[in-house]
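Reading the structure
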Amino acid sequence: MKTVLPTSENSLQFYNYLTSAVAPRPICFASTIDNDGLPNLSPFSFFTIVGNQPPMLVFSTLRRMRNGTTKHTYENVKANSEVVINVVTSDIVEQASLSSCEYPDGTDEFLKAGFTKLASDFVKPFRVAESPVQIECKVVQVIDTSDKPGAGSLILCEVLAIHINPAILNEDETIDPHAIKLVARMGKNYYSRAFGEAVFEVEKPNVKLGIGFDGLPENIRNSTILTGNDLAKLANVTALPEPEPGFYDEHIKKTIEYYILMPDELEVELHRYARKMLADNRVEHAWQVLLSV
Ligand SMILES: Cc1cc2nc3c(=O)[nH]c(=O)nc-3n(C[C@H](O)[C@H](O)[C@H](O)COP(=O)(O)O)c2cc1C
């Protein structure tokens, strides 16, 4: 492994490693206002949820590398403790990027980047009409990690209200990841799309206790075919399944007949077949394939 320390000569390279590895990151498109009531809009990808009761978000503004000065967003939230966090979608990502230019004090990035202002219900900063989710927040704490150039300041925000465009909701009123079309920030100039083929499901294991890797039969655990992800799906069952001959399909029967005198090859073939089942999340069937000899 290549090991790099924060004290290394090349601090930009270190930053690139961190931001490329801790990725993709959601983007907080922060709308604030200054003391004179002038709007400011900037994207920040050092951003996440940190609690639900009360609902809290945090994002981090960094001091400018070249001179250690703080950003307008930081100054604005220090001055009046209010922010609207808008989400960034593939439809507005170029505009959001444009708004990140270091425009001089008092520049209205809504105007510069072509966004429409919507009045908020609980705070003074505007919402971004083009963003499908707009979150009104009260800033409850600002934590400076240092005053060196590049230092982050955590802006801890309590959510007062979420506004959601109905166009991104499923019939059951949940947000459809393919409709919201979120994008995320990665290292350097890279972004990623969080919809289409990029989206997949992993069954939540927290309602039941899976048997775990150590509960898997040794030949399965040490399979040369099944991957860690495959084994994790198998290890998520609550008890080791029993073989059920009624489950065996024609493919299993033919495979067993063909390889009957070659047990090692038979195992490899069955593991390959089980892998296919697991790729379709047919875990019960995969178990039966694996237990068929
Ligand atoms: C997608 C994206 C994500 C960004 N994330 C951050 C971040 O997390 N922290 C930060 O300090 N700057 C970040 N920046 C840079 C700021 O947006 C930029 O410095 C901006 O000019 C700050 O504006 P302000 O001075 O009006 O607050 C990001 C830029 C882009 C395009």
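Residues numbered from 1 in each chain as written. Predicted model: local features only at pLDDT ≥ 70, side-chain atom pairs only at ≥ 80, totals over all residues. Heavy atoms only, no water.

Next up on the list: the overall build of the protein chain. Looking only at helices and strands, the protein chain has ten helices and twelve strands in total. In terms of overall dimensions, the protein chain is more spread out than a globule: its C-alpha atoms have a radius of gyration of 26 Å, far above the 19 Å expected for 293 residues. With respect to the principal axes defined by its C-alpha atoms, the protein chain has extents near 85 × 50 × 35 Å. Looking at the protein chain residue by residue over its 293 residues, the buried ones come to 40%. Contacts in the protein chain between residues at least 24 apart in sequence constitute 60% of all its contacts with a sequence separation of at least 6. Surface exposure of the protein chain reaches about 17,400 Å², of which carbon and sulfur atoms provide 54%. (Helix = DSSP H or I, 4+ residues; strand = E, 2+ residues; numbered from the N terminus. Rg over C-alpha atoms; globule rule 2.2 N^0.38 Å. Buried < 20%, exposed > 50% of the residue type's maximum accessible area, 1.4 Å probe, protein only. Contact = heavy atoms within 4.5 Å. Areas by Shrake-Rupley, 256 points an atom, 1.4 Å probe, with all protein chains shown as cover.)

As paired elements, strand β5 (residues 55-62) and strand β10 (residues 152-164) share seven bridges and run antiparallel to each other. By the bridge assignment for β10, Leu62 is matched with Gly152. Pairing of strand β9 (residues 133-144) with β10, which is carried by eleven bridges, proceeds in the antiparallel orientation. Directly across from Gln141, in β10, lies its bridge partner Leu156. (Pairing = 2+ DSSP bridges.)

The UniProt record annotates "domain: Flavin reductase like" (unreviewed entry) at residues 20-178. A helix fraction of 14% and a strand fraction of 40% characterise residues 20-178, whose end C-alpha atoms lie 24 Å from each other. (UniProt positions renumbered as here; feature names shortened; annotations may be inferred.)

Our next topic: the environment of Ile143. Mapped onto the fold, Ile143 is located in strand β9. Among the residues examined, Ile143 registers a relative accessible area of 34% and is labelled partly exposed. Sequence separation between Ile143 and Leu38 is 105 residues; the distance between their C-alpha atoms is 24 Å. Among residues more than four places away in sequence, those in contact with Ile143 are Gly152, Ser153 and Leu154.

Quick look at the domain arrangement of the protein chain now. As far as domains go, the protein chain holds domain 1 (11-198) and domain 2 (213-290). Here domain 1 and domain 2 have C-alpha centroids that lie 46 Å from each other. (Domains from an automatic or database assignment.)

What follows deals with the nonpolar core. In terms of nonpolar packing, the biggest core is built from 24 residues, with Leu216, Ile220, Leu226, Leu234, Ile252, Trp287 and Val289 touching the most fellow members. For this core, the element with the most residues is helix α9 (residues 263-279), which contributes six residues. With residues up to four places along the chain from it excluded, the contact list for Ile220 reads Leu226, Leu231, Leu234, His271, Trp287 and Leu290. One finds Phe47, Val83, Val87 and Ile155 within the second-largest nonpolar core, a separate group that totals 19 residues. (Core = buried A, V, L, I, M, F, W, Y, C linked by side-chain atoms within 4.5 Å.)

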